[in-house]
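Residue strings, one per chain:
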Amino acid sequence: MAECEKIVKRVEFFRAIEIGDEPSAAEGLDLDSMVVDADYDGAELGNEMTQEFITDMIERFKNGKKIHKKYVYQIILAVKKIVYDEARMVEMAVEDDTKLTVCGDTHGQSCLALEPLQR
């Protein structure tokens, strides 16, 4: 009975701290309907990032200016797509008689060490 109660409490605890997939704030974002103000004096960002836009953006930031919020949203959505499309896990085959050591942290800095098992 005590063991069952522990299991039930553990399940309830994990359910309480579980983070659901919140809908993305970007889901309802309609970039096409966003109008860049006529007085915006920076380079425009089309469908692709250009060196001209990047250079202009850096200069604007250096001079204390901002880019238009439409362009900020475009950049964030493009980065989000890149990150979500990137593989999160790397699979590899390791021989049965090999020891695999993985050293890593949450910032993606990791190393692998393969060595034969000592018998």
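What counts, and at which threshold
Each chain carries its own residue numbering, running from 1 in the written order of its sequence. Per-residue local features of the predicted model are confined to residues with pLDDT of at least 70, and side-chain atom pairs are confined, for both listing and counting, to 80 or more; whole-chain, interface and lining totals are unaffected and use all residues. Think of the side-chain values as coming from all heavy atoms in the structure, minus any hydrogens and water. For the purposes of this entry, the term helix denotes a DSSP run of H or I that reaches at least four residues, the term strand denotes a run of E that reaches at least two, and both are numbered from the N terminus. A 1.4 Å probe rolled over the protein chains alone gives each residue an accessible area, and that area as a share of the maximum for its type sets the label: buried under 20%, exposed over 50%, partly exposed in between. Accessible areas in this description were obtained via Shrake-Rupley with a 1.4 Å probe; residue shielding takes into account the shown protein chains only. The span you would expect from a helix comes to 1.5 Å times its residue count less one. Comment: arc refers to directions from the helix axis out to C-beta atoms. We call two residues contacting when some pair of their heavy atoms lies within 4.5 Å. Buried residues of nine kinds, namely Ala, Val, Leu, Ile, Met, Phe, Trp, Tyr and Cys, make up a nonpolar core once their side-chain atoms join them within 4.5 Å.

(A) Expanded view of the overall build of the protein. Helix and strand content of the protein: 3 helices and 2 strands. The N-to-C order of helical and strand elements in the protein reads α-α-α-β-β. The buried share of the protein, reckoned over its 119 residues, is 12%. For the protein, the exposed surface amounts to about 10800 Å²; the carbon and sulfur share of it is 54%.

(B) Spotlight on helix H3 (residues 69-85). An ideal rise of 1.5 Å per residue puts 24 Å on 17 residues; H3 measures up with 24 Å between its terminal C-alpha atoms. Residues Lys70, Tyr71 and Gln74 constitute the buried set of H3. Projected onto a plane normal to the axis of H3, the buried residues spread over an arc of 100° and lie on a single side. Projecting away from the buried face of H3 at angles above 90 degrees are the exposed residues Lys69, Val83 and Tyr84. Its buried side turned inward, H3 meets helix H2 (51-62).

(C) Representation of the nonpolar core in the model. Listed in full, the 7 residues of the largest apolar core are Tyr40, Ala43, Leu45, Phe53, Met57, Ile67 and Tyr71. Aside from chain neighbours lying at most four places away, what touches leucine 45 is Phe53, Tyr71, Gln74 and Ile75.

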